Amino acid sequence: MADESAIPRDDAPPPAMPSGPFARIIGAMNAVGTLWIIGLMLLINADIFGRSFLNRPIAGVPELVAFSIVGIVFLQLAHTLRSGSMTRSDVLLNVLERRAPRLRSALLAIFHLVGGLLLLMIAWKFWPSVVAAFQHPERNFMGNPGFFTVPQWPLFILVFLGIVATAVQFLLIAWSDVRSARGIAR
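Residues numbered from 1 in each chain as written. Predicted model: local features only at pLDDT ≥ 70, side-chain atom pairs only at ≥ 80, totals over all residues. Heavy atoms only, no water.

**Q** So what exactly am I meant to see when it comes to the nonpolar core here?
**A** Most often, soluble globular proteins have nonpolar side chains that are buried together. Counting 17 residues, the largest nonpolar core has Phe-126 and Ile-163 as the members making the most contacts within it. Among the elements of the structure, helix H2 (61-82), helix H4 (101-135) and helix H5 (153-183) are those that each provide at least two residues to this core. Ranked by residue count, the leading element in this core is H5, at 8 residues. Those residues in contact with Phe-126 that sit more than four places away from it in its chain are Phe-156, Val-159, Phe-160 and Ile-163. The next biggest cluster of nonpolar side chains, apart from the first, holds 5 residues, and it includes Ile-26, Met-29, Ala-78 and Ala-165. (Core = buried A, V, L, I, M, F, W, Y, C linked by side-chain atoms within 4.5 Å. Buried < 20%, exposed > 50% of the residue type's maximum accessible area, 1.4 Å probe, protein only. Helix = DSSP H or I, 4+ residues; strand = E, 2+ residues; numbered from the N terminus. Contact = heavy atoms within 4.5 Å.)

Written out as structure tokens, the structure reads:
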């Protein structure tokens, strides 16, 4: 079934607590994203209450929701990768785990290395947009001028940080996969 990869396997190791400074950073980014979700939920409910009972909606809620969804995703992306919660198809990996565990680790190392390098390339190409949005906030905003606007540079910075953190996490996992492949007996 398609949903089976989302269910933890019985033989999966228990989730480990974050270790090291980078793990704590992405854990903090994940926590900020979670708190942001709670704040967003409160804002949406307040807007619904104001709209329904007071006939006074909160200005800019749709813009803030759109802004927030992107920010939350990129804040939590590296932690999602680290915790093994990214969606992927494990059919080939499960077969290789039983028949050729060293090849499995090597394929995972290649996959994670390519993922890290692609995200670093994306970060490299995205950085000029971050700088432009910061230097010219009057041209880079979300919303309706005269009604409600939000500058885009804070969102762009969060997206950039999330991309870089996820790239680093991909590279750390690739390094772990290489060490794992070396440690498996032939």
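From this point, the discussion proceeds with the structure in view.
**Q** Would you take a moment to explain the pattern of salt bridges for this structure?
**A** Charged atoms that come close allow side chains of opposite charge to pair. Enumeration over the complete set of coordinates arrives at 2 salt bridges. A salt bridge links Asp-47 to Arg-51, with the shortest nitrogen-to-oxygen separation between them at 3.3 Å. Of the two residues, Asp-47 and Arg-51 are both situated in helix H1 (residues 20-53); the distance of 4 residues between them amounts to about one turn of the helix. With a relative accessible area of 44%, Arg-51 lands in the partly exposed category. (Salt bridge = Lys/Arg side-chain N within 4 Å of Asp/Glu carboxyl O.)

**Q** Can you help me understand the packing of H2 against H5 in this one?
**A** Two packed helices can be described by the angle between their axes and the distance between those axes. In the contact formed by H2 and H5, the axes pass within 8 Å of each other and the chain directions differ by 15°. Taken together, the axes of H2 and H5 lie roughly parallel to each other. For the crossing formed where H2 meets H5, the hand is left-handed. Residues Phe-67, Val-70, Gly-71, Phe-74, Leu-75, Leu-77, Ala-78, Leu-81 and Arg-82 of H2 lie in contact with H5, whose contacting residues are Pro-154, Leu-155, Leu-158, Val-159, Gly-162, Ile-163, Ala-165, Thr-166, Gln-169, Phe-170 and Ile-173. Across the contact of H2 with H5, the residue classes break down as 15 nonpolar, 4 polar and 1 charged. (Axes fitted to C-alpha atoms, helices over the stretch in contact; angles between N-to-C directions. Parallel < 35°, antiparallel > 145°, perpendicular 65-115°, else oblique. Left-handed = near helix turned anticlockwise from the far one by under 90°. Nonpolar A, V, L, I, M, F, W, Y, C, P; charged D, E, K, R; others polar.)

**Q** Whenever I open this one, the environment of Gln-169 confuses me. Can you help?
**A** The residue Gln-169 is located in helix H5 in this model. When the C-alpha positions of Gln-169 and Thr-80 are compared, they lie 10.0 Å apart, and in sequence the two are 89 residues distant. When neighbours within four sequence positions are excluded, Gln-169 is seen to be in contact with Phe-22, Ile-26, Ala-78, Leu-81 and Arg-82.

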